[in-house]
Structure formats: structure tokens, C-alpha cells
Amino acid sequence: MKENKKLLVNGVRVQYKNGGCDYEAEAVHKAAQLIKKETGCTPTNLKISKKSIDARRDISFVYSVYAEVETSCVISSPDIKEYSAPSFELECGDESLTERPVIIGFGPAGMFAGLLLARYGYKPLILERGASVAERVEAVENFIKFGVLDTSTNIQFGAGGAGTFSDGKLTTRINDPLIMYVLDMLHQLGAPDDIMYKAKPHIGTDILRKVVENADKEITRLGGEIRYKSKAENITSSSVTVNGERIPCGAVILACGHSARDTYSELIGAGFSVEAKPFSVGVRAEHLQSDIDTAMYGAHAGDSQLGHAEYQLSWRQGDRGCYTFCMCPGGEVVPSASEEGGVVTNGMSRHARDGKNANAAVCVSVKPEDYGNNPLSAIEFQRNLEKRAFLAGGEDYYAPMQTLGDLISGKSGTEYKRIVPSYRGGKVRCADFSKLFPPFVTEMLRAGLVNFGKKIKGYDAPDVPLTGVETRTSSPVRIIRGENLCALGHDGIYPCGEGAGYAGGIVSAAVDGLRVASKIITRYKPY
């Protein structure tokens, strides 16, 4: 049977029409017409490959459309590209593993490394310091309701990593063919169909929890093992200590997550090469989702075809930037501390994104020279802000809050009114962020928020509540690895993912997990 030539038509634009229509059908029709006009060939098997919304002027849907034509068809148009589906097949190596590979951490990097190793027959052992999804949900809800923090199981630690209690965004700035492998694997594990074609896909914390549970079951089915409440210490390439037990390792994937500060300190003390890196700190800004929808979509706000509006904003002054991060439409601000005596914020939403508020981190870049260019100083910089926030909030895990108007004008004490902060159902106390942050952070926040108000009408409204502090945007350190992806001077230990400083977000961390697992597969025989 003759195989057809596969094509991708990008940038197929369909104007939004009030009242609705079958936009996808119109996009497919336009793509078919373009292929026929440019090549003279009649396409078959047309389907939507990617979908996004452009609301910069008149609202439009922008599609990429997949199609097939006969192999003899000649393609010369720049708008039509030949397409080949990414393949991912590995050949196992020749070295023998004396023990099974051990993965430290069951966030996206550890999870995808574990899935790949298990599928190739390596029977990995995954050690996760936090609890399973069900126990983790209970611990997080207990913290939200009563302010009782479990330092081992929380929004940072446990099955699925920090992403389990997030918006489940699958956007990434990296360009890697493994991205499609990640999306396909997530889809197989129960993620929604639309992650395969939306330009800005998300899963939502409610569905993501089920995806993580399914990943656990799949790894176990394939011969792997996951041990929860199992914090790894005394890490070497041949063994680790867990709950007093010494566990042998054939290789170690170190995917500990960006909040494993005790692990960082242990590695530095053990002579690993660890460097300080840039990161960001800031606050969570909350707006009514209806206000953001109106600002972005005008009179069309509320149309289910458009969904809830999203935004991503940035502004630079000299060599420093202020930007929005992890925007959660219809979400909530969640308490994300993992250490006693600290307050940390993050954003979370469910797949429906049906909450009243929109929230996003508004962050300012922090450079290594701001804290002494030392990895331990980087950790302490974050921790110090969290302690200050804990004190400012009243030392009971209430969060400090300042209205945007007060921050810009240099005042404090105005209570929230129109927009109720979602952190722990409104458990916030008025504070002065200029007394929490270094001056360069406060000054950049003020300037950045005013600039964002010029881009989105009402973004800088004076009654917008700002809740802090946002400190865990990324790892403050990087564990240096060589071309073989092993830690320098520690053959057989593979730093991996966001915690090791090589990713930022679910997808890039998952891709790095696959990349590291591939190194082990192509080096060693299955265990």
C-alpha cells in the first residue's frame, strides 16, 4: 500500500464571529483550498493539529492543519510544510547494572524517567519523600483549612511534585521533539484530548491527580516500584539511605525538585559541583476573571468558544526584568510552604478554570550577584523572604497582602473589598511589601505593574490584592553535569529536572527526565 506524503499547514486564520460557528471545519476547508491551489493535489485525512486564539486586534482563531497528499505531489509554498511524526526508539547499551536504577523524586522528571525505564525493562525504584496522591490531598487540605503544615507532604513534596497542585500547564519555551512524546504519554495516562492540539494546553489539578495515580500504576505494572514517604539521604552512585535502610543502586537519577533544600545542602557538603543561578521572587496578583475576560475580549467576554482569557506580560529596565508567571485563569492562590515558619504562594486551578478570580505571579528577576553568588546564599535569600512573610502574616500561616494601589503609592493598610484574596479562603493580613523585599524588588514591582496596566486595561487597578511571597518560581541552584549527563566527578548519578536546574515547568522537566533515562538505557543492559 503506497504511503502518502504528510503535510502541515500553519497559520490558518478564522475570524471570530459573534454567535459562533464551526471554526474547526472552516479551518480545515481553508487548508484544503490552499493545498489544492498551491500544489494542484487533493488532500485527504485533514484534521486540526494546533489551535490558538489571537485577541491582539480583532479576535481570531489560528490553526495548524494536518493533511495527506500523494507522494508525487510537489510542495513549493512556504505556508505548507512536509511533516514527519517524531519517533523515539532506543537501543539498549552493553554495560551491566549490578542493581536496579533508583530515581529520587516523583515529580514530572522522575515520573517520565521512571515510565521510560520501566517500558524498556529496567524495573526502576522510585523514592519519593512525600506521600501518595490521596494522602497528599488530605495533607494539603488540612494545611489550607487549619494551617497545620506537614513538612514532608505538602504542595511542594509528594506524588507528582509541585505540578500536581498547579494549573497543570503544558506550555514550554523549549523546542524539542520529545515534547510530543510527553503530551502523548500524558494523554494515554488520562489527560484531556485537547492537550494534543491546543497551543496553550493545560490539565488542571483535578485531572492531573488522576494522571499521576495512573503513572504510578503503569510503572508498577511494568515492574517498577514506587516508595512514598521515603526521603533519600547519603546519596552515592552505589547506594542511598532511606528511613535508616541502605538501598543499593545501579544508577541514580536525582530528580529531587526545586524545594529540596536539605538535599542541596547535603550535596554541596559532599563535594558535588553546585552553582548559584538566577531566579525570581514576587507576589501573586488577583483580578476578577470577568475583568480580565472583558479587557481581552471586550463585548465577547463570556463566550464559551473563547473560554477564559489568559495573559503573559513582561517589562525590562536595564538588565532586570519584571514578568508574570504561571497565570491561572479561574484559579486560586495556594499556601506552598514546605518549611516551618515560612509563607510561600503559588497558583492552582482546575481543568474547568471556573473560579471567580484569575491569578498570576508577578515576579522580579534576582541575579547571583544580588545574594553573593553562592548556592547556599541563594537558598537563604529565598528562605529569608519566606520567614519575613510568615512574621508579617501574623505567624499562623496567614499571608501578607497589600493592595496594588498601596504598593505603588508607598502606603499600607488598605483592606481588600471588591476582590477577595483566595489564599486559604481569604486568610491574609495587611502588610507593607517594601519592608519584606529588597528595594530593587519593590521598585521593579511598582514599575512593572504600572506598565502592565498599559497593556491590559484595569490590570493596575488600585484595589487589586497582591499576596506574598512567591519564591519558588525555579531552583536557585544548578547541579553541574557533564556531556554524559552525570554529575561532575560522580559517574552514575544523573541530576535531572527543575530541581537540578535544567528545566522550568512540567513539560521541560518531563523532557529532561526522558533525556536522562535515555542515557541510562543506551549505556546499560536492562536490569
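A few points on the structure. (Residues numbered from 1 in each chain as written. Predicted model: local features only at pLDDT ≥ 70, side-chain atom pairs only at ≥ 80, totals over all residues. Heavy atoms only, no water.)

Comments concerning the overall build of the protein chain
No. 1: Each helix and strand counted, the protein chain has eleven helices and 23 strands in total.
No. 2: Over its C-alpha trace the protein chain gives a radius of gyration of 24 Å, about what one expects of a compact globule, namely 24 Å for 527 residues.
No. 3: Along the longest, intermediate and shortest principal axes, the C-alpha atoms of the protein chain span 70 × 65 × 40 Å.
No. 4: Of all 527 residues assigned to the protein chain, the portion counted as buried reaches 55%.
No. 5: For the protein chain, contacts bridging at least 24 residues in sequence account for 74% of all contacts bridging at least 6.
No. 6: Accessible surface, the protein chain as shown: approximately 21700 Å² in total, 48% of it carbon and sulfur.
No. 7: Of note, the protein chain has its 62 positive side-chain charges centred 3 Å away from the centre of its 63 negative side-chain charges. (Helix = DSSP H or I, 4+ residues; strand = E, 2+ residues; numbered from the N terminus. Rg over C-alpha atoms; globule rule 2.2 N^0.38 Å. Buried < 20%, exposed > 50% of the residue type's maximum accessible area, 1.4 Å probe, protein only. Contact = heavy atoms within 4.5 Å. Areas by Shrake-Rupley, 256 points an atom, 1.4 Å probe, with all protein chains shown as cover. Lys, Arg positive; Asp, Glu negative; His and termini not counted. Charge placed at Lys NZ, Arg CZ, Asp CG, Glu CD.)

Focus on the nonpolar core
Here is a general trend for soluble globular proteins: nonpolar side chains tend to be buried in one another's company.
No. 1: Y63, V362, F437, Y459 and L466 are the most contacted members of the largest nonpolar core, which has 73 residues in total.
No. 2: Among the elements that line this core, the one with the most residues is helix α10 (residues 439–455), at six residues.
No. 3: Filtering out sequence-adjacent residues up to four positions away, L466 remains in contact with V283, R284, A285, P400, M401, Q402, T403, L404, L407, F433 and L449.
No. 4: Among the nonpolar cores identified, the runner-up in size contains 59 residues, and A113, L117, V211 and A509 belong to it. (Core = buried A, V, L, I, M, F, W, Y, C linked by side-chain atoms within 4.5 Å.)

Here's the deal with the packing of aromatic side chains
No. 1: Scanning all chains against the criterion turns up 16 aromatic pairs.
No. 2: Judged by centre distance (5.8 Å) and plane angle (40°), the ring pair of F433 and F437 falls under tilted. For the pair F433 and F437, one class covers both residues: buried.
No. 3: Members of the aromatic cluster, connected to one another through ring pairs, are Y16, Y23, F61 and Y63.
No. 4: Over the ring of Y66 we find K47, and its NZ or CZ is 5.3 Å from the ring centre.
No. 5: R129 extends its terminal NZ or CZ atom over the ring of F157, reaching a point 4.2 Å from the ring centre. (Phe/Tyr/Trp six-rings, centres within 6.5 Å; stacked < 30°, edge-to-face > 60°. Lys NZ or Arg CZ within 6 Å of the ring centre and 35° of its normal.)

A word on the sheet that holds strand β9 (residues 239–242)
No. 1: With antiparallel pairing, three strands are arranged side by side in an open sheet as β8-β9-β10. The sheet is open, and its two borders are formed by β8 (232–233) and β10 (245–248), each paired with just one other strand.
No. 2: Here β9 pairs with β10 via four bridges, running antiparallel. Across the sheet, the residue bridging to S239 is P248, located in β10. (Pairing = 2+ DSSP bridges.)

So, the state of the cysteines
No. 1: Taken as a whole, this structure holds one disulfide when the rule is applied.
No. 2: Across a sulfur-sulfur distance of 2.3 Å, C41 and C73 are joined as a disulfide pair. Linking C41 and C73, the disulfide has an S-S dihedral of approximately 115° and is accordingly described as right-handed. Pair noted here: C41 is in the loop between α1 (23–39) and β2 (44–54) and C73 is in the loop between β3 (60–69) and β4 (80–82), with a separation of 32 residues, a long-range link. For the pair shown, C41 and C73 are each scored as buried.
No. 3: Cysteine C328 shares no disulfide, and the gap to the nearest cysteine sulfur, in C326, comes to 4.0 Å. (Disulfide = S-S within 2.5 Å.)

A few points about the side chain of D167
No. 1: Checked against the element boundaries, D167 lands in the loop between α3 (133–146) and α4 (178–188).
No. 2: Residue class for D167 comes out buried when judged on its relative accessible area of 1%.

Description of the sheet that holds β4
Sheet strands pair by backbone hydrogen bonding; their relative direction is either parallel or antiparallel.
No. 1: Here four strands make up an open sheet; going across it, the order is β2-β3-β1-β4 and the pairing antiparallel. Either end of the sheet is taken by a strand with one partner, and the two such strands are β2 and β4. Each adjacent strand pair in this sheet contributes to an overall mean axis angle of 25°, direction not counted.
No. 2: As judged from the three bridges shared by strand β1 (residues 5–15) and β4, these two strands associate in the antiparallel manner. (Axes fitted to C-alpha atoms, helices over the stretch in contact; angles between N-to-C directions.)

Quick word on α10
No. 1: Taking 1.5 Å of rise per residue, 17 residues should cover 24 Å, and α10 covers 25 Å from first to last C-alpha, within 8% of that figure.
No. 2: Of the residues making up α10, those classed as buried are F440, V441, T442, M444, L445, G448, L449, N451, F452 and G453. (Expected span 1.5 Å × (residues − 1).)

Comments concerning the packing of helix α2 (residues 108–119) against helix α11 (residues 506–523)
No. 1: Interhelical geometry of α2 versus α11 gives an angle of 40° and a closest axis separation of 7 Å. The pairing of α2 with α11 is recorded here as oblique in orientation. The two elements α2 and α11 cross, and the hand of that crossing is right-handed. Contacts between α2 and α11 involve P108, A109, F112, A113, L116 and L117 from the former and I506, A509, A510, G513, L514, A517, S518, I520 and I521 from the latter.
No. 2: Taken together, the residues that form the contact of α2 with α11 break down as 13 nonpolar, two polar and no charged. (Parallel < 35°, antiparallel > 145°, perpendicular 65-115°, else oblique. Left-handed = near helix turned anticlockwise from the far one by under 90°. Nonpolar A, V, L, I, M, F, W, Y, C, P; charged D, E, K, R; others polar.)

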